[in-house]
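Okay, here's what each chain looks like letter by letter:
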Amino acid sequence: AKEAEAAEEINMLKQVHAQAVEKLEGGHRARAEELEASGRAALQAQRTEAELLKEKAGRFLEKAQATLAEKEEELARLNEQIEKQRAESQATSEEMESAHKAGVERLKSSHANAVEDLEAVHAAARESHSSALESLKAQQAELVTIMKSDHEQNM
């Protein structure tokens with residue numbers, strides 16, 4: 001009888017154990033399913049957030065590229081203006097230098113012509129002065145002769 005009682009108690013303990021194991025496994029399964037569902041939800045939220053960030057980053061990148069393109073165009077325009085002004089300045093500088101050289105040459109030529117003209121006028125004046133001096137001397141000699149003649153006639 002004691003053996004039967006012990007066997008019955010063992011069976012009962014086995015059943016309680018089996019129920020406890022079943023309950024425990026069911027709890028673990030439920031918890032695992034709950035954690036899995038929670039993990040899926042968290043993963044989905046992270047994916048959604050990542051997609052939003054990716055879209056935001058894409059829009060930011062597009063804006064940055066557009067701004068960069070505008071700045072590059074502006075820089076190209078400014079460089080073009082600088083080159084144009086540099087070329088104009090160079091041309092103006094070359095024109096001024098050329099005009100200055102031409103002016104200096106004209107001035108040298110004018111000066112040389114003026115010196116030649118002045119020398120010619122001076123030579124002509126010297127010649128004229130000499131000629132006038134000779135003429136005056138001749139007239140003076142003639143006058144002296146006339147005066148002597150008059151003086152001799154008056155005496």
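Residues numbered from 1 in each chain as written. Predicted model: local features only at pLDDT ≥ 70, side-chain atom pairs only at ≥ 80, totals over all residues. Heavy atoms only, no water.

## A closer look at the overall build of the protein chain
Then, in step 1: Helix and strand counts for the protein chain stand at one helix and zero strands.
Then, in step 2: For the C-alpha atoms alone, the extent of the protein chain along its principal axes is close to 220 × 25 × 20 Å.
Then, in step 3: Across the 155 residues of the protein chain, 0% fall into the buried class.
Then, in step 4: In the form shown here, the protein chain has an accessible surface area of approximately 14,400 Å², with 57% of it arising from carbon and sulfur atoms. (Helix = DSSP H or I, 4+ residues; strand = E, 2+ residues; numbered from the N terminus. Buried < 20%, exposed > 50% of the residue type's maximum accessible area, 1.4 Å probe, protein only. Areas by Shrake-Rupley, 256 points an atom, 1.4 Å probe, with all protein chains shown as cover.)

## Remarks on the pattern of salt bridges
Then, in step 1: All told, the structure shown has five salt bridges when counted by the stated rule.
Then, in step 2: Where Arg31 meets Glu34, a salt bridge forms, and the shortest distance between an N and an O atom there is 2.8 Å. With Arg31 and Glu34 both in helix α1 (residues 2–154) and three residues apart, the pair spans about one turn of that helix.
Then, in step 3: Classification of Arg31 as partly exposed rests on a relative accessible area of 43%.
Then, in step 4: Across the pair Lys108 and Glu105 runs a salt bridge whose closest N-O atoms are separated by 3.9 Å. Of this pair, Lys108 and Glu105 both sit in helix α1, three residues apart, which is roughly one turn of the helix.
Then, in step 5: Given the relative accessible area of 51%, Lys108 is considered exposed.
Then, in step 6: By relative accessible area, Glu105 is classed as partly exposed at 48%. (Salt bridge = Lys/Arg side-chain N within 4 Å of Asp/Glu carboxyl O.)

## Brief notes about a negative patch on the surface
Then, in step 1: On the surface, Glu70, Glu72, Glu73 and Glu74 cluster together into a patch of negative charge.
Then, in step 2: Within the secondary structure layout, Glu72 lies in helix α1.
Then, in step 3: Residue class for Glu72 comes out partly exposed when judged on its relative accessible area of 48%. (Patch = residues over 30% accessible without salt bridge, like charges linked within 9 Å, V, L, I, M, F, W, Y side chains within 5 Å. Lys, Arg positive; Asp, Glu negative; His and termini not counted. Charge placed at Lys NZ, Arg CZ, Asp CG, Glu CD.)

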